[in-house]
Amino acid sequence: TTRTSDASTSRTTDDALVRALARALGGDDARVRTTDAAMEKYAVDWQNKYRGRPLCVTLPRTTEEVRAIVRLCAEYRTPIVPQGGNTGLVGGATPTEAREVVVCMERMNGILSVDEDAGCATCEAGVVLEDLESAVRSRGMTVPLDLGAKGKCQMGGCVSTNAGGLRLLRYGSLRGSVLGLEVVLANGEVLDLMRTLRKDNTGYDLKQLFIGAEGTLGLVTKVAISTPRAPLSVHVALFGLESFAKCVEMLKLARENLGEVLSAYEFFDRESLELVLAQLKGTRDPLPGKPRAFYVVVETSGSVAKHDSAKLKSFLSIVRRRGIVVDGVVGRDEKHAFALWTLRERISVALKYAGAVYKYDVSLPTARMYNLVTTLRERFEPKFGSSVKVLGYGHLGDGNLHLNISCAEYDDAIERAIEPFVYEYVRDERGSISAEHGLGLMKAEEIHYSKDAKAVALMATMKQTLDPLGIMNPRKVLPVAAVRAAAS
Ligand code: FAD
Ligand code: 2HG
Ligand code: ZN
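Residues numbered from 1 in each chain as written. Chains lettered and ligands numbered in written order. Predicted model: local features only at pLDDT ≥ 70, side-chain atom pairs only at ≥ 80, totals over all residues.

### A closer look at the site of ligand 2
In the region of ligand 2, the neighbouring residues are Leu 89, Gly 148, Ile 347, Ser 348, Lys 359, Asp 361, Gly 394, His 402 and Asn 404. Among the secondary structure elements, those contributing two or more residues to the shell around ligand 2 are α13 (347-354), β14 (356-363) and β16 (400-407). In the shell around ligand 2, the residues fall into two nonpolar, five polar and two charged. (Near = placed C-beta within 6 Å. Helix = DSSP H or I, 4+ residues; strand = E, 2+ residues; numbered from the N terminus. Nonpolar A, V, L, I, M, F, W, Y, C, P; charged D, E, K, R; others polar.)

### What to know about the domain arrangement of the protein
Split into domains, the protein comes out as domain 1 (7-104), domain 2 (111-226), domain 3 (233-344), domain 4 (355-438) and domain 5 (451-487). With centres defined by C-alpha atoms, the gap from domain 4 to domain 5 works out at 28 Å. (Domains from an automatic or database assignment.)

### Points about the site of ligand 1
The environment of ligand 1 is made up of 38 residues, and the closest members are Gly 84, Gly 88, Gly 92, Gly 156 and Gly 157. Listing elements by their share of the shell around ligand 1, those giving two or more residues are β3 (80-83), α5 (155-161), β9 (218-226) and α13. No other element matches α5, which puts five residues into the shell around ligand 1. Each residue belonging to the shell around ligand 1 can be placed in one class, and the counts come to 15 nonpolar, 20 polar and three charged. Inspection of the shell around ligand 1 shows a minimum of three residues originating in each of domain 1 (7-104) and domain 2 (111-226).

### Describing the UniProt feature "domain: FAD-binding PCMH-type" (unreviewed entry) in the protein
Per the UniProt record, the feature "domain: FAD-binding PCMH-type" (unreviewed entry) sits at residues 50-230. Counted over residues 50-230, helix gives 23% and strand 23%. Its end C-alpha atoms are 37 Å apart. (UniProt positions renumbered as here; feature names shortened; annotations may be inferred.)

### Comments concerning the environment of Ile 418
Along the chain, Ile 418 falls in helix α15 (residues 412-418). A residue is classified by how many C-beta atoms lie within 10 Å of it, and Ile 418, with 18 of them, is partly exposed. In this view, Ile 418 contacts Tyr 358 and Ile 405; residues no more than four positions away in its chain are not counted. (Buried ≥ 20, exposed ≤ 12 C-beta atoms within 10 Å, placed from the backbone. Contact = placed C-beta atoms within 7 Å.)

### Some details on the pairing of strand β7 (residues 178-185)
Buried residues dominate β7, accounting for six of its eight residues. As paired strands, β7 and β9 are joined by seven bridges and run antiparallel to one another. When the bridges of β9 are listed, Leu 185 appears paired with Gly 218. Bridge count for β7 against strand β8 (residues 190-193) is four bridges, and the pairing is antiparallel. (Pairing = 2+ DSSP bridges.)

### Notes on the nonpolar core
Ile 69, Val 70, Cys 73, Met 155, Val 159 and Val 223 are the most contacted members of the largest nonpolar core, which totals 64 residues. Tallying contributions element by element places helix α3 (residues 63-75) first for this core, with seven residues. When residues of this core are assigned to domains, at least three map to each of domain 1 (7-104) and domain 2 (111-226). Those residues within four positions of Met 155 in sequence are excluded, and the remaining contacts are Cys 123, Ala 125, Val 127, Leu 129, Leu 132 and Val 223. Residues Tyr 265, Val 296, Tyr 393 and Val 426 belong to the second largest nonpolar core, which totals 61 residues. (Core = buried A, V, L, I, M, F, W, Y, C linked by C-beta atoms within 7 Å.)

### Points about helix α1 (residues 7-24)
An α-helical turn contains 3.6 residues, so any two residues separated by three or four positions project in the same direction. Along its 18 residues, α1 runs 25 Å from first to last C-alpha, staying within 8% of the 26 Å computed at 1.5 Å per residue. Those residues of α1 that sit buried are Leu 17, Val 18 and Leu 21. Taken end-on, α1 shows its buried residues confined to a sector of 100 degrees, consistent with a single buried face. The exposed set on the far side of α1, more than 90 degrees from its buried face, consists of Ser 8, Thr 9, Thr 12, Asp 15, Arg 19 and Arg 23. Buried residues along α1 sit in contact with β1 (32-33), β2 (56-58) and α3. Among the residues trailing α1, Gly 26 stands out with phi positive, at a value near 70 degrees. (Expected span 1.5 Å × (residues − 1). Arc of directions from axis to C-beta.)

### Overview of unusual backbone geometry
Note: most peptide bonds trans; most residues except glycine with negative phi. A cis amide bond, omega 5 degrees, links Glu 419 with the succeeding residue Pro 420. Along the chain, Pro 420 turns up in the loop between α15 and α16 (421-428).

### Focus on the sheet that holds β2
Read across the sheet, four strands follow the order β1-β2-β4-β3 without closing on themselves; strand pairing throughout is mixed. Across the chains shown, the open sheet's two edge strands, defined by having one partner strand only, are β1 and β3. Summarising the sheet, β2 and strand β4 (residues 101-104) pair through three bridges and their orientation is parallel. Looking across to β4, one finds that Thr 58 is bridged to Val 103.

So, in structure tokens, the structure goes:
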């Protein structure tokens, strides 16, 4: 255990730590927050589902200050919760009840370099994704990552969750795009892996350990990322289809016929569209008339508009001729394309407005992906009727389903109907219980559904090596028992 059990000793120690942290951050009250009001936005997650009671919230400005915080927390055996934009969906950035020190990176938001020749950028971990995108866009480049939370999520948070998002189909995962990292380790040392090389085969690729580690192995303080040329021509089309099988059939045809210009292939079901239309002002049914069971957003990105639109046109005529799509619409201009994208990108925001939501982010064999949604609907219908809505949408081109169960309030009976059923279903399909959001607090104890015991034990050994005191984001990612076993 990292904390003493005696309450008064514990309080005295806590006070001493807070005072030491305040000194380390130059006595700036705004950067070591201790009141409930000042800590509120760091104590609760984006969905309002997870809440903790942190000892304090620290807002370092430099790597040196991060080092000082980590060293003090190690000295006082007090857990650290790294936090970026706090948009994570699995409770990974939320403190627990254990009086932890939140280290929020929002003040480390400097863009350090943008290199057009090499096609890469370096920045501090607290840079907001959209700010980095604007900075590189002005030089004709783009960040190979885009997601609905771009206005708030930070580069350090995205790296730490290995966020996937809407461009993964085009640019691959962050594991390929991140070129370098600077990390403050649990003992307060700085691990300098800040290179911008495309190729570097000197030993183990240590930065990969921190990509997707959800703050359990160290604190990411700087990021180097490749920034490809921004596409000169972008087209967006939205299709209405009658069955999920047709969405899958069309994906194959899109890969075949759009080839190198295909940059996104996203789907959502009618239930998702209805929720967006009901919850988000200014949204309109893209294909008014007969409701379709499924919608697919196809995006192309290339360098010659004429060439790309000719390809899209020919693709449209193929899918129409074969009776795969019922109808569709092509974005007339940037504004229209943006409106089409909104229908897909803002489903999670609409869900948040609609009440409580149980979220599952799974990888499954593409062709059978939607069976999980229909199976759950059948499970819910007799018991809960229409009070519980089951929605399916996601990154179809990446085999990633977002299964969301929306209801008025969180309810144990509903949760019991979902879990462990969903996890067992995914295990039996040899899928993954976390395609892109991570395990965080929500799924730390469920990792065994996707990883065997040996893999989990090896992860715990790595955790023990890098964080022997167990102060880096405890109870996240790995089961408590596995971490304990590795420590003994
Ligand atoms: P946080 O939520 O603050 O933290 C996430 C995790 O990383 C936590 O475990 C935290 O402890 C750790 N962490 C944060 N910063 C650091 C750091 N500097 N060093 C070490 N650890 C750190 N995800 C996708 O993959 N694809 C999507 O399409 C997508 N869309 C989203 C849309 C919306 C509207 C929302 C709200 C979320 C979405 N997400 C998506 C979830 C996704 O995980 C986050 O948006 C993003 O990756 C988290 O960044 P953040 O800065 O908010 O991190
Ligand atoms: C998306 O792709 C995000 O929209 C969020 O990953 C998914 O809220 C969700 O379940
Ligand atoms: Zn997603």
